Structures are given as C-alpha cells and as structure tokens.
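# Structural characterization, general
Residue strings, one per chain:
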Amino acid sequence: MNYIAVDTSGKHLTLIANKGGKIYEYFDPDCGVDHSVSLMPELERLLDSADMHIKDADFFACAVGAGSFTGIRIGVSTVKALAFAADKPVLRLTSFDTLSYNIDNGKVLAVIDAKHNGYYICPYVDGTAGTPEYALKDRLADFKGYRLVSGEKIEGLDTTVVSVAEGLKRAIEKKAGEVSRDINSLTPLYVRKSQAEEGR
C-alpha cells in the first residue's frame, strides 16, 4: 500500500511516505511551534526523494491528537486538503496510537505531557484503546499493572520512551482497515479545552 502520513500533534514533526513498500521518513524531534512553516516544504522534499506524487498515495494518514492544539489543527487541515485535492481516502489515528502500538501486547497506558502537572492518557489492552482523558498525576496510580509509555522523557514519571515515528508506522499497519472516504472523519481529538477557552 502507498500512503502519506503526517503527525504534528506534539513538538515533533513526523512525515512518512510509503511507496511500493519502501518507507521514506522525515522526523524532527523539536519542531516546536514551526509546524506551519516546516510541514509543506519538508513534505515536498520527502516526496521528491521518494519520487512520489500525492496522487500516488492510496490514502493519507493523520495523527489527530491529543497534544498541541495548534499543531493538531495544522496537521488535520493539511491532510484534509491533500486528500481532497487527490480525491483519496483518509485514516484517522490518535497520538496515543503512535505511542501504544510500539508495544505488541499487554496493558499499556499512553501518556502525553499536557504541562502544568497534567497529562493526556489513554489505556490500551492488547492493542484495544480505552477512553482518553486528561488526568493529574494521582490518577495514574489507578492503572496498576499498566506499562506507561511516552514519546519523550516526562520528569517525575517512570515511563518507557518509545519512537512516535515507528509507532505511527505500526499504527497505520494495524488500522489500515479503518481507511475512510469521509474526509471529515479527520476530526481533532481535544481531550480538554485549550488554555484560552478555559480562561473565558
């Protein structure tokens, strides 16, 4: 299967192009707030290296959150525009998928640092996701027997740091059957309101 995948949900930027089973990948671990500047130029360079056009993709995959509110919007809107232009289906993945699918089975708790002593979390049991939520540190104690995984070291938490890029590829492989012609299925996953909304 040929696909193009985008993940701008955190401070990282992950881009993957799969053409004929060969993987081409771009990963910036600290893109920060520059997703809007870096995304399209880096994607164009990646597709050039793969000798690939957007119409060569069988589908477009996008990580829709949880994570950075701005980053999520940039990734979702870009992928929806590309899929619309190429008239191709989409695959909705979560940031939790890109963490949890690094672990083959068992009980996994995907953890994303939401800052200010809060976390976005989602439990998985043998690859099946539970309900994502926003939680304070005390809540994590309720997940006894779960292996905590994160995309970066989180101070104060004993997590296994995994590759979000590798997890994105594995999530696509596991969830390829969920590809949809409905572009609007790419809806952002906001586990909580933004700081601006909470301050209203």
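Please refer to the structure higher up on the page.
Here goes a summary of the coordinates provided. Only a predicted model underlies this, so the values are computations on that prediction, with no experimental measurement involved.

Conventions we followed
Residues numbered from 1 in each chain as written. Predicted model: local features only at pLDDT ≥ 70, side-chain atom pairs only at ≥ 80, totals over all residues. Heavy atoms only, no water. Helix = DSSP H or I, 4+ residues; strand = E, 2+ residues; numbered from the N terminus. Expected span 1.5 Å × (residues − 1). Buried < 20%, exposed > 50% of the residue type's maximum accessible area, 1.4 Å probe, protein only. Contact = heavy atoms within 4.5 Å. Pairing = 2+ DSSP bridges. Axes fitted to C-alpha atoms, helices over the stretch in contact; angles between N-to-C directions. Phe/Tyr/Trp six-rings, centres within 6.5 Å; stacked < 30°, edge-to-face > 60°. Lys NZ or Arg CZ within 6 Å of the ring centre and 35° of its normal.

## Regarding helix H2 (residues 69-86)
Since the α-helix advances by 3.6 residues per turn, residues separated by three or four positions end up pointing in the same direction. The terminal C-alpha atoms of H2, which comprises 18 residues, lie 26 Å apart, in line with the 26 Å expected from a rise of 1.5 Å per residue. Considered for burial, the residues of H2 that qualify are Phe69, Gly71, Ile72, Ile74, Gly75, Val76, Thr78, Val79, Leu82, Ala83 and Ala86. Buried residues along H2 sit against strand S1 (3-7), helix H1 (35-49), strand S4 (59-63), strand S5 (90-93) and strand S7 (118-125). Where H2 ends, the next residue or the one after it, Asp87, has phi of about 55°, a positive value.

## Brief notes about the sheet that holds strand S2 (residues 13-19)
An order of S3-S2-S1-S4-S5 is seen for the five strands of this open sheet, with the pairing classed as mixed. The open sheet has two free edges, formed respectively by strand S3 (22-28) and S5, since each of these has just one partner strand. Adjacent strand axes in the sheet meet at a mean angle of 10° when their direction is disregarded. Contacting S1, S2 and S3, H1 runs over the sheet at an angle of about 25° to S2.

## Regarding the pairing of strand S6 (residues 107-115)
Of the pairings in the sheet, the one linking S6 to S7 comprises eight bridges and is antiparallel in character. For Leu109, the partnering residue across the bridge sits in S7 and is Pro123. What sits between the antiparallel neighbours S6 and S7 is a turn of two residues, in which His116 has the positive phi angle 55°.

## Quick word on the packing of aromatic side chains
Applying the stated criterion across every chain, the model contains five aromatic pairs. For the ring pair Phe69 and Tyr190, a centre distance of 4.9 Å and an interplane angle of 20° mean the geometry is stacked. Taken together, the positions of Phe69 in helix H2 and Tyr190 in the loop between helix H5 (164-175) and helix H6 (195-198) put the pair 121 residues apart, joining distant regions of the chain. The exposure class assigned to Tyr190 is partly exposed, which follows from its relative accessible area of 33%. Measuring from centroid to centroid gives 5.9 Å for Tyr101 and Tyr124, while their planes differ by 70°, and the two rings are edge-to-face. Of this pair, Tyr101 sits in the loop between helix H3 (95-100) and S6 while Tyr124 sits in strand S7, and the two are 23 residues apart along the sequence. For Tyr101, a relative accessible area of 8% corresponds to the buried category. A relative accessible area of 2% means that Tyr124 is categorised as buried. Positioned above the aromatic ring of Tyr134 is the side chain of Arg192, whose terminal nitrogen or guanidinium carbon lies 3.9 Å from the ring centre.

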